Amino acid sequence: MPATPTPLLDTPDLPTGPADIRLIVTDMDGTLLDDAKRIPGGLWPMLAELRRRGVLFSPASGRQYATLARQFAEVAEGMVFIAENGTYVVRDGVELSSDTLDASVAAGLARTVRRLVTDGADVGAVVCGKRSAYVERTDEAFLAEVRKYYVEHRIVEDVTAVDDDVIKVALFDFGSAEHSTAPALAEFADTHQVVVSGEHWVDVMNRTANKGTALRGLQRALGVTPAQTMVFGDYLNDLEMLDAAEWSFAMAGAHPEVVRRARHLAPSNNDNGVLRTIAHVLGL
């Protein structure tokens, strides 16, 4: 697959005029953001036009709610944030849904990470609560990665003793998360989701928690159908979300399984793929 495909490659069935889209949901990293983690400048006027048309735009990310709220601070009013891979959904500061992780599971994951580190793995755990994220590892290389996704984070002596509702445990592996850390979490995969959400990240959540579950709940609350929903994603944590929309797009360069699951292919995140596709389908 080419890195910079023809616009809307492999989508001959797209309409030439505006489609009845009521809800647009997009992943952030590798999808809306370019590889330098920048929001495309054209998004802001597009959001104003979508709002005028009554189309709700919703970021759906493994990122923390506080991080997403800061990124969209100027336009956050009325926006629904599907945060922490669907485990925490918030609108105007009010929780719409959450799927909390049992404290014993979070503690078990923290102990597993400690064992991996003792065995020589270069990995760190982020215990994700509703109020903050919590880490034990204090080196700058690790904290620099944490800050990208968790603006609200605290360094603590023991992440198993935090007083917060835990919704997810994220593990950052300086190597390959898919080939190193994820296989080491096999004991948790029997009862929980172990999701590779990026080259270096693995998220562990309840089996009931994913972006797709959160999206379907939002669709029910809004009275929006899958046929009126457009979704963009690039990695394995986006699969269930793609299944919840008839207008599902994998980004050019997405994980092969995402490309197989999506109905359509959009230009890459570095080629303004999300905005170009929205403009085409909605006739902006």
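Residues numbered from 1 in each chain as written. Predicted model: local features only at pLDDT ≥ 70, side-chain atom pairs only at ≥ 80, totals over all residues. Heavy atoms only, no water.

Colleague: Describe in detail the overall build of the chain, supporting the description with residues and values.
Modeller: Within the chain, the regular secondary structure consists of 11 helices and 14 strands. Here the C-alpha atoms of the chain give a radius of gyration of 18 Å, agreeing with the 19 Å that 2.2 N^0.38 yields for 284 residues. Its C-alpha atoms put the chain at 60 × 40 × 35 Å along the principal axes. For the chain, the residues scored as buried account for 54% of the 284 residues in total. The long-range fraction of contacts in the chain, counting pairs at least 24 apart against all pairs at least 6 apart in sequence, stands at 59%. Taken as a whole, the chain presents about 12,000 Å² of accessible surface, with 49% of it coming from carbon and sulfur. Both charge centroids of the chain, one from 27 positive and one from 40 negative side chains, sit 4 Å from each other. (Helix = DSSP H or I, 4+ residues; strand = E, 2+ residues; numbered from the N terminus. Rg over C-alpha atoms; globule rule 2.2 N^0.38 Å. Buried < 20%, exposed > 50% of the residue type's maximum accessible area, 1.4 Å probe, protein only. Contact = heavy atoms within 4.5 Å. Areas by Shrake-Rupley, 256 points an atom, 1.4 Å probe, with all protein chains shown as cover. Lys, Arg positive; Asp, Glu negative; His and termini not counted. Charge placed at Lys NZ, Arg CZ, Asp CG, Glu CD.)

Colleague: Provide a residue-level description of the nonpolar core, including the pertinent values.
Modeller: Counting 46 residues, the largest nonpolar core has V25, I82, L109 and V169 as the members making the most contacts within it. If one sorts the elements of this core by residue count, helix α4 (residues 103–118) sits on top with six residues. In this structure, M28, L68, V75 and V281 belong to the second largest nonpolar core, which totals 29 residues. (Core = buried A, V, L, I, M, F, W, Y, C linked by side-chain atoms within 4.5 Å.)

Colleague: Help me get a handle on the packing of aromatic side chains, residues and values and all.
Modeller: The geometry of an aromatic ring pair is captured by two quantities: the separation of the ring centres and the angle between the planes. Under the defined criterion, the tally for this structure stands at 10 aromatic pairs. Summarising the aromatic geometry, the rings of Y65 and Y88 are spaced 6.2 Å apart at their centres and angled 90 degrees between planes, so their arrangement reads as edge-to-face. Note that Y65 is positioned in helix α3 (residues 65–71) and Y88 in strand β4 (residues 88–91), a separation of 23 residues in sequence. Between Y149 and W201 the ring centres are 5.5 Å apart and the planes differ by 80 degrees, which places this aromatic pair in the edge-to-face class. Taken together, the residues Y149 in helix α5 (residues 140–149) and W201 in strand β11 (residues 201–206) connect sequence positions 52 residues apart. On the basis of relative accessibility, which here comes to 12%, the residue Y149 falls in the buried class. Ring-pair connections join several aromatic residues into one group, and the members of that group are W44, F57, Y65, F72, F81 and Y88. (Phe/Tyr/Trp six-rings, centres within 6.5 Å; stacked < 30°, edge-to-face > 60°.)

Colleague: Kindly report on the side chain of D203, identifying the contributing residues and their values.
Modeller: You can see D203 is positioned in strand β11. Engagement of the side chain of D203 in a polar contact is seen with the side chain of S197, the distance being 3.3 Å. When sequence neighbours within four positions are dropped, the list of residues in contact with D203 reads N85, K168, V169, A170, Q193, V194, V195 and S197. (Polar contact = N/O pair within 3.5 Å; in protein donor to acceptor, adjacent residues only side chain to side chain.)

Colleague: Could you give me a rundown of the pairing of strand β10 (residues 192–196), with the residues and numbers involved?
Modeller: Along β10, four of the five residues are buried, which leaves the element largely enclosed by surrounding structure. Where β10 folds back onto β11 in an antiparallel hairpin, the turn is made up of four residues. (Pairing = 2+ DSSP bridges.)

Colleague: Lay out α4 with the relevant residues and their values.
Modeller: Its 16 residues place the ends of α4 23 Å apart at the C-alpha level, agreeing with the 22 Å of an ideal helix rising 1.5 Å per residue. By the burial criterion, the buried members of α4 are V105, A106, A107, G108, L109, A110, T112, V113 and L116. For α4, the secondary structure elements touched by its buried residues are β6 (123–129), β9 (166–173), α6 (177–184), α7 (186–189), β10 and β11. (Expected span 1.5 Å × (residues − 1).)

Colleague: Describe the side chain of T31, and please don't skip the residues or the numbers.
Modeller: Along the polypeptide, T31 turns up in helix α1 (residues 28–32). At 3.1 Å, the side chain of T31 and the side chain of D234 are in polar contact.

Colleague: Quick one: what's the story with the sheet that holds β11, residue by residue and with numbers?
Modeller: Spatially, the six strands line up as an open sheet ordered β8-β7-β6-β9-β11-β10, and their pairing is mixed. Among the strands making up the open sheet, the edge pair consists of β8 (153–155) and β10. In this sheet, neighbouring strand axes are inclined to one another by 25 degrees on average, regardless of whether the strands run parallel or antiparallel. Where β6 meets strand β7 (residues 133–135), two bridges bridge the pair, whose relative direction is antiparallel. The residue of β7 that forms the bridge with C128 is A133. Relative to β6, α5 is tilted by about 30 degrees, and along the sheet it contacts β6, β7, β8, β9 and β11. (Axes fitted to C-alpha atoms, helices over the stretch in contact; angles between N-to-C directions.)

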